[in-house]
Structures are given as C-alpha cells and as structure tokens.
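Per-entry structural report
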Amino acid sequence: MEAITKNFPVTGMTCASCAVSVESMLKHQKGVIDAAVNYANASAKIEYDSNVASLEDFKKAMQAIGYDMIIEEDGNVNELVETQQKNHYEELKKKTIGASLLTLPVFIIGMFFMDMPYGNEIMWFFATPVLFWYGKDFFINAWRQLKHRSANMDTLVALSTGIAYVFSVFNTLFADFWHQRGLHAHVYFEAATVVIAFILLGKLLEEKAKGNTASAIKKLMGLQPKTVTVVKDNGEFVEAPIESIVLDDLILVKPGEKIAVDGEVVSGSSFVDESMISGEPVPVEKGIGTTVFAGTLNQKGSLQFRARKVGGDTLLAHIIKMVQNAQGSKAPVQKLVDKIAGIFVPIVVGISILTLIVWLIFGGENGFTQGLMAMVTVLVIACPCALGLATPTAIMVGVGKGAEQGILIKDAESLELAQKVDTIILDKTGTITEGKPKVTATKWLHDKAAKAAVLKTIEKQSEHPLAQAVVEEYALLDTIGLDHFESITGFGVKATAGGETYFVGNQKLMENEKIRISEELQRFADEYYQNAATVLFFGSTQEVLAVIAVQDAIKPTSLKAIEDLQRDGIEVIMLTGDNQATAEAVSKQLNIKRYKAGVLPQDKSDFVKQLQHEGRVVAMVGDGINDSAALAQANVSIAMGKGSDIAMDVAHMTIISSDLKKIPVAIHLSKQTVKTIKQNLFWAFIYNVIGIPIAAGVLFPINGFLLNPMIAGAAMAMSSVSVVSNSLLLKFKK
C-alpha cells in the first residue's frame, strides 16, 4: 500500500451539510483511507492508496451529487481555483442584484398595495424569474440531494420558497376555493422572493468574508516573484519565468528584489529582510556561503546565488503547504459539529411538518394558511451554515495569523490543544541556547602537538555540534588516517589510529571505560562545569589526555520567554544530554526550577510519558533528531525552524525564527482561537434554538406574534455573516 495525503479544491458546496455529504461520498470511494472536507476553505483533504484509488473516480463521484473537485496538479492550480472563486463571486453578485431588482416591486405590492387590480398576477410575473432563474441553483441542488437520499441547506430553501410560491399560485388562480369557505386567499410571493434575495445577499457577503479568511495564503503566495534573472555561462543576464529554474542555476538578485528560490550565495553581500517567513524584523546579513530563501526581500547589495531548492521544495513552498493543510484540517470540536450538521436538515424538515400539523389542529379557521407560513418560516430560518462555519473560519484565521508571525501550525487539533498546555519541556542545545558551541578553554595533560591532530580527525568524523566546535578550534592542523571509528550513543565516540584506541566524549564515557582522570584535569573540568560549559574529555585507554570546555551562549530572548510562560502558570522543565553542573548553571541563569541532565533521547520520550500519566498536558520544544521521539510523544510538539528536518516533520508547530518568545505567542493565539470558536458555536446554536421555535409560532398564543418569512430570511443570512465576521476579528486581537 502506498498512502498519499493531498488537498483538493471542491466547488459547488453551499453549506456545512454539503461538506458532510462530500466527505461521506469520498470515504466510500475505493482506496480512500480517510477524508476531511472543510466548508470554509472549500477543500477536501484525502488520504488514499495510490495503487487502488483513482482521482478521476473521486471527481465523477463529486459531480454525481452536484459538486466538483479539481484534481489537476499543474503549477497553475491555485490560479485556477482563484479564478473560479472570483467568477463564482461575480456570478453571485449578478444574481443578487437581479433578484433584488425584481423582488422590489413584489415586496412593495405585497406589503402596501395588496388590493390593487391584478396585483397578484404582477407579483407572480416578477416572482417567477426570481425563484426559477436567479434561485434555480437551490432547486437543482435540492433535487440532486434528493436523488441520493440526502439533504442540505438548498433543500430547506427550495422547500420553503417552493411551497410559498405554489401556494400563492394556487390562491391566485383559485381564489374562490377559499372565498367559498369564508377565508381570504392570501398570496406570499413577496415572502418567497425576499427569502431568495436575502439568502443570495447573505451568500455574497459570506463569500467575501471567507475570501478574507484565506488572506494569509494569498499573502504567502504573493511573496514569490514570477520571473528571475538567470546568469548564463557566458555571463549574459536572461529574464526567465520562475517555472523554468532548475537546480544549480546561477541567479542574480538586485537591490529591492524578492528572492525566487532557496539557494547558496556565491558572490556579493547584502542584508535580506526575512520577516515575511520568520516574523523577525531585523534584516539578516548575507555573504558567500550563506543560505537565502524564496520569498525574502533583498535590501541593499546585489547577490548571485546557486539554486539549491526549487518549485515545491523551497522553504516558502513548504510553509504554504503546511498552512494550507492546517487550514483544511479539522479541530476535534468540528467532528461533533459535523455530526449535528449531517442530521440538522432532516430534523428541521420534521419540525416544519410538525409545525403545520399543530397549526391545523389548534390554529382555528386560519390554521392552514398560518400553519403553512409558519412551516415556510421554520424552513427558512434554520440554517446549518453558521454552524458549519463556526470552527473552520476561526481555525483559518488563527493558522494564517500564526504564519504571519513566523509560527507554522501543522493542524487544527494542535491549535485547539495548545491552550490547555500546563507543562513545557525545553531541550537545551539549540532551543534555549544558540546551538553554535565554541571552544572556550582547553587543558592538556602533556604536550598537545602530538595528539591534537588525532583529536581533530576523530571529531571531524563525528556529526555532533560540539565536535564541530573542536574541529574549528584546530582548523589549521592536518587530519590523519583512522583505522576504526564508532559512535557510542549518548556518551561520545571511540576510534583507533596508529594502533592506539582513543575516546572522545563526556565524563561518564571515561568512567565507563575506566580511564583515569588526573586531579589537575578534574579541577579544570569542575571549574568549567560551574560556568555552564559542556566539558569534553579526550583520552587513550589508560588516561585522559585533554579536557576541552565548550560553551553554547544562551539566546538573548530565552529568559524573557521562560518568564512569560511561568507568568501564565505553565511549568517549564529543561532536559539536556549535558552534565549535571552545566544543566544546573543554565537553569539558575534562567530561573528554571526543574531540570534533568545527562538525558538520552529515549529518556526524553519516557519523561514526557511520565508527565502525561500524571495528567499533565505536555508541550515538547526541541530542534534535533534526538528530540524527535519526545516530540512525537508530546501532546503538542514545537520544533525550532533552524533545527533538523526530522524534528520539523514530527512537530505540530514550527517556530521559524527559533525564538522561544514565539511560544507564549502561539499559546496565546490558541486561547484566542478557541475562545472565538466557542463564541461562534454559541451564537450559531442559540440562533437556531431561539429562532426555530419563534418561527414555528410559539409566541402566537401569548402575544399574537408570528414571524414573517422575509425577516427569517434576513436573520438566516446574517447568522452566517456574523460568525465569519467574528472570526475575522481574530486578526486584530493582540
């Protein structure tokens, strides 16, 4: 089995029930493992077996129930979706204006000139195109749903306006039927047309608002330039489209231009504004050998760089994909809402029929006409749209806001869960500290010249960042040949050169191998332990030959970030593979009360499990491959953006700038988003809980109030708009 997860744009969805129908249909397709459909951003996230599933079959299944899915995978798919959305918006605008213009005379006659000659016939004339031309999609979609034994918002609109229209036509043609029974033949053309006009207006406003919730993606997509200047082998400068760039192309970027792809600078120097990707305002100096990223802005000097990542492999493309996936994912609360939306329409239809029956029994001489209007009003006022939009719109805005601040959120679940975090575990190296250790002092037992080359050679073979610091310290020495080299996980390395065996690692390694440490070297080591240095030991099989103190500076923002987290009532714990003395010194500087030193990768994961068993909601923050198991175990995992790709793949969130101060921001954003979701759901539920009984006529026996279907249509339209507008307010909260 070859499982693939992809996002596909879905067109034609008109409400939350549509999303439920599409999702249900997709889940029943051959080869589909799982599917999640998001009404707010009109996309389907499908996990499927590529050996069994057919994208064409998915598309045909969608078309059979009145929707469509874009499965094309060329570079212009985003432009195609945007064009479709723009066309849909313009078409909706024309329908809304047309329906409103024709509804106006119907409304005026129906409300103020009911007894004018041929009034009913004139209203009928204007109402017909409103329903069956401008509102035809409601009836077409309702019929498609009915054929598949399903129902959605279109079903409610078609039933309510259709019943009002048919009843009014009957009363226009056969008015005597009622007159003979002593009743007036009321017509409700104005109710049917105003409902259509209001719902179209609501949809227009909703589309506009939904477009604003996706602004973060549009901004990110707009960061990449369409063309670049390629430097040919003969030195000629050629303007070329971004799609034509391949690996190792030499590209010129002038002052004020955006960088098109990820690359390595080969000539020139400049400062580059990376704020659009990292959220950090200070421009970064770039020179030969440094890395530049797609979407960032070159400021002063000219740079020439080799393309190292192009197309979908660039950091910007990776960020866009993560944001799209996150905005399309579902928060746990949404699953419950989807279940409600799935049964909502049949329940409403049932309530509307019950309303008519109750009016027929207890309504007196006008029971039928008033019951019919109450039935229509129930169908009109009940709308699953507000319910369906409540969660995804807030998630979209929250994820987008995070992306703009340099916080990449992988899925909605982690955004919802982050606000519950009560314990944060921080890795030390590269998370709290800069992750760029330097040798600050070295003490040799004997003359260093004979063995320094051996030390450099061994450390050059190692991939540990501390080893790199030693290699840089002895950069001028030549390396020698090694006969054997092996890594001892969590302790150091062992190597053989010239028939002798050597060890480089922590003090525990020396103790395990029973290698003697002289008093002088031990004193030196203890002194630097107190100064928060990591101490490396280099020894033969008999004795330690040298002790090297390596220090990794604490990031300037780490103390402030930890203080902010502690102020919010979150316990901060530091885990490190480093020794006890170094860990103690760092924790004192940062006022971290709880820490663990000498921790192996598996220990980190076990420690997370232990805290979870205590009932804690744990966030793990790390940057290396050694943190990946703990990141995977944590409730919420946060990777530093300058760390390893594996850590970023595993993590739920990525802090692009690697600045710990972004973590309190991410938690605060989670709290704001969840608060907005709760507000949205409250108003969506309250609207229906209050609106449906009033529409059914519960107030009529008390004060004679019967809700007009026109007012119900306006209220229904505004419920969706209010929910989306509340989500958009998230953008402006601090």
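Bear in mind the structure is a predicted one, so any value in this text is a computation, not a measurement.

Attention shifts here to the overall build of the protein chain. When helices and strands are counted, the protein chain shows 28 helices and 26 strands. When burial is assessed residue by residue, the protein chain has 52% of its 734 residues classed as buried. Considering only contacts within the protein chain whose residues lie at least 6 apart along the sequence, 68% involve residues at least 24 apart. For the protein chain, the computed accessible surface area is about 33,000 Å², with 57% contributed by carbon and sulfur atoms.

Before going further, it helps to examine the packing of helix H21 (residues 558-567) against helix H26 (residues 662-696). It is the contact of H21 with H26, at a shortest axis distance of 8 Å, that shows an interaxial angle of 30 degrees. For the pair H21 and H26, the contacting residues are Ala561, Asp564 and Leu565 in the first and Ile663, Pro664 and Ile667 in the second. Here the contact of H21 with H26 is built from residues that sort into 5 nonpolar, no polar and 1 charged.

What the 7 strands build is an open sheet, ordered E14-E26-E25-E24-E15-E22-E23; its pairing is mixed. Edge positions in the sheet fall to strand E14 (407-409) and strand E23 (594-596), since each of these pairs with one other strand and no more. Averaged over neighbouring strand pairs, the angle between their axes works out to 20 degrees when direction is ignored. Pairing of strand E22 (residues 571-575) with E23 involves 3 bridges; the strand directions are parallel.

Here the focus is the UniProt feature "transmembrane region" (unreviewed entry) in the protein chain. Within this numbering scheme, the UniProt entry marks residues 96-116, 122-143, 155-175, 187-205, 340-362, 368-391, 681-700 and 706-730 as carrying the feature "transmembrane region" (unreviewed entry). The distance from the first to the last C-alpha atom of residues 122-143 is 28 Å, and the span holds 95% helix and 0% strand.

It is worth spelling out the sheet that holds strand E7 (residues 250-253) at this point. One open sheet holds the 6 strands; their spatial order is E6-E5-E7-E13-E8-E11, and the pairing between them is antiparallel. At either margin of the open sheet sits one strand with a lone partner, and together these are strand E6 (237-241) and strand E11 (291-292). In the sheet, strand E8 (residues 262-268) pairs with E11 via 2 bridges, with the strands oriented antiparallel. Bridged to Gly263 within E11 is Val292.

With that out of the way, let us pick up the packing of aromatic side chains. This model, assessed by the stated rule, comprises 12 aromatic pairs. Centre to centre, the rings of Phe167 and Phe368 are 5.7 Å apart; their planes meet at 65 degrees, and the pair counts as edge-to-face. Of the two residues, Phe167 sits in helix H6 (residues 153-173) while Phe368 sits in helix H13 (residues 367-381), which places them 201 residues apart along the sequence. Accessibility expressed as a relative area gives 8% for Phe167, which makes it buried.

The full count for this structure, using the stated rule, is 15 salt bridges. When the shortest N-O distance is used, the salt bridge between Glu543 and Arg516 registers 2.9 Å. Here Glu543 is found in the loop between strand E20 (534-540) and strand E21 (544-551), whereas its partner Arg516 is found in the loop between helix H19 (507-512) and helix H20 (519-530), with 27 residues between them in sequence. Judged by its relative accessible area of 18%, Glu543 falls in the buried class. Across the pair Lys588 and Glu584 runs a salt bridge whose closest N-O atoms are separated by 3.5 Å. Highlighted residues: Lys588 and Glu584, both in helix H22 (residues 580-590), separated by 4 residues, approximately one helical turn. On the basis of relative accessible area, Glu584 is assigned to the partly exposed category, the value being 33%. Connected through shared salt-bridge partners, Glu91, Lys95 and Asp137 make up one network.

This part covers the environment of Glu513. As for its placement among the helices and strands, Glu513 is situated in the loop between H19 and H20. Relative accessible area serves as the criterion here: at 35%, Glu513 is assigned to the partly exposed category. As a C-alpha pair, Glu513 and Gln542 span 29 residues in sequence and 9.2 Å in three-dimensional space.

Moving on, we get to the nonpolar core. Formed by 72 residues in total, the largest nonpolar core has its most connected members in Met13, Leu26, Ile46, Phe58, Met69, Ile424 and Ile663. Tallying contributions element by element places helix H14 (residues 385-404) first for this core, with 8 residues. Looking at which domains feed residues into this core, each of domain 1 (3-73) and domain 3 (407-433 + 554-660) gives three or more. Among all residues touching Ile663, those that are not within four sequence positions of it are Ile424, Leu565, Val621, Ile638, Met640 and Ile655. If you look at the next biggest cluster of nonpolar residues, it comprises 46 residues, including Ile109, Phe138, Ala151 and Tyr687.

Cut-offs used in this document
- Residues numbered from 1 in each chain as written.
- Predicted model: local features only at pLDDT ≥ 70, side-chain atom pairs only at ≥ 80, totals over all residues.
- Heavy atoms only, no water.
- Helix = DSSP H or I, 4+ residues; strand = E, 2+ residues; numbered from the N terminus.
- Buried < 20%, exposed > 50% of the residue type's maximum accessible area, 1.4 Å probe, protein only.
- Contact = heavy atoms within 4.5 Å.
- Areas by Shrake-Rupley, 256 points an atom, 1.4 Å probe, with all protein chains shown as cover.
- Axes fitted to C-alpha atoms, helices over the stretch in contact; angles between N-to-C directions.
- Nonpolar A, V, L, I, M, F, W, Y, C, P; charged D, E, K, R; others polar.
- Pairing = 2+ DSSP bridges.
- UniProt positions renumbered as here; feature names shortened; annotations may be inferred.
- Phe/Tyr/Trp six-rings, centres within 6.5 Å; stacked < 30°, edge-to-face > 60°.
- Salt bridge = Lys/Arg side-chain N within 4 Å of Asp/Glu carboxyl O.
- Core = buried A, V, L, I, M, F, W, Y, C linked by side-chain atoms within 4.5 Å.
- Domains from an automatic or database assignment.

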